[in-house]
Amino acid sequence: MITTKGLSRAFGPILAVNKLDLNIQDGQIFGLIGPNGAGKTTTIRMLTCLIEPTLGSAQLDGFDIRKEDDKYRIREITGLLPESPGLYETLSAYQNLEYYADLYDMDPTVKDLSIERYLRMLGIWDKSDVTCGTFSRGMKQKLAIVRALIHEPKYLLLDEPTASLDPASVATVREFISELKTKKRTIFINTHNLDEAERLCDRVGIFNKKLIAEGTPKELALKLWPRRVVIEVRNPNEWYAKNLSALSGVTFVEATGLRLMVDVDDPGVRAPEIVKVLVENGAEVSSVNEEVHNLEEVYLELIGGKS
């Protein structure tokens, strides 16, 4: 479990992270989303003990980022993909990974198997003996992801994992991250890619120096907009809206042509119940859909273009 309480970091007069409170359960993929300069990278750097917080605290698996003895344990159980890959460009891909595996004192047999497995999973095993200074930015990013995983950490912290990747590589990395979740690994992702966050994350935090909102994309949407059922009928009638308005849990009904928009504040009221009332009153229902707000709409509502 990753927990933070009042986690804050200032650089001189600039407050980069302001009183961040989080509880991330083991086995979850959590996304911290926000604009550039929001403090996302600073948060990851604190969680991985690269910089000290100014105020507040954080724990990973019960180890405290402020305690010197715990910092070593945190580094053992975490894997970090930084915003810049930072590889040894005169070494081959395999040699880069060997070097980092040796830092973690991995068993040689396990090390070799892990390197090959992860390079194959990300489609770059055939480049294992190539000097990584010749790699594209996307290939370096993939290699850096493998480096973060090579010692099989319990917690994986990824700073913009699909940055600079082409669409095919983005799909590969997303599938790879989803597969890691099945291994019960806890993954913390920084991103301003809203589509990526919605596809990958169990929960997200919308963040701009401070936490603005946190939850599943659906939970966040329901905090901003009512649950709305949209029904199309073939035979409009003003009585349909009046009958639905009398239904317990229905807060608003609007009829526009063949369409009825029904707002509901009671989770116990389901679309079939609404349709049943309409049919009993003679409506010929042609379609029923629940209005869905995506993460981009939530984000723009809460943050918009603010930076």
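Look above for the structure.
Please read all numbers here as calculations on a predicted model, not as lab measurements.

> I'd like a description of the environment of D26, backed by residues and values.
With respect to the helices, strands and loops of the structure, D26 is situated in the loop between β2 (14–24) and β3 (29–33). Residue classification places D26 among the partly exposed residues on the basis of a relative accessible area of 38%. Sequence spacing of D26 and L295 is 269 residues, and the spatial spacing of their C-alpha atoms is 23 Å. Among all residues touching D26, those that are not within four sequence positions of it are M1, K154, Y155 and T186. Within the local environment of D26, its side chain forms a polar contact with the backbone nitrogen of M1, the two atoms lying 2.3 Å apart.

> Tell me about the nonpolar core, and please be specific about residues and values.
Ranked by internal contacts, the top residues of the largest apolar core, which has 47 residues, are L143, I177 and I187. Here this core gets six residues from one element, more than from any other, and that element is helix α5 (residues 137–149). If we ignore the near neighbours within four places in the chain, the residues touching L143 are L87, A93, L97, L119, I124, C132 and F135. Counting residues in hydrophobic clusters, the runner-up holds 25 residues, among them V17, L22, I24 and A58.

> With reference to specific residues and values, describe the pairing of strand β7 (residues 155–159).
Extensive coverage of β7 is indicated by the burial of five of its five residues. Residues Y155, L157 and D159 point to one face of β7 and L156 and L158 to the other, with burial holding for every one of them. Summarising the sheet, strand β6 (residues 78–81) and β7 pair through four bridges and their orientation is parallel. Looking across to β7, one finds that L80 is bridged to L157. Where β7 meets strand β8 (residues 186–191), five bridges bridge the pair, whose relative direction is parallel. Along β8, the bridge assignment pairs Y155 with T186. Each parallel crossover has a hand, and the one from β7 via helix α6 (residues 167–181) to β8 is right-handed.

Conventions adopted
Residues numbered from 1 in each chain as written. Predicted model: local features only at pLDDT ≥ 70, side-chain atom pairs only at ≥ 80, totals over all residues. Heavy atoms only, no water. Helix = DSSP H or I, 4+ residues; strand = E, 2+ residues; numbered from the N terminus. Buried < 20%, exposed > 50% of the residue type's maximum accessible area, 1.4 Å probe, protein only. Contact = heavy atoms within 4.5 Å. Polar contact = N/O pair within 3.5 Å; in protein donor to acceptor, adjacent residues only side chain to side chain. Core = buried A, V, L, I, M, F, W, Y, C linked by side-chain atoms within 4.5 Å. Pairing = 2+ DSSP bridges. Right-handed = clockwise from strand over helix to strand, strands pointing away.

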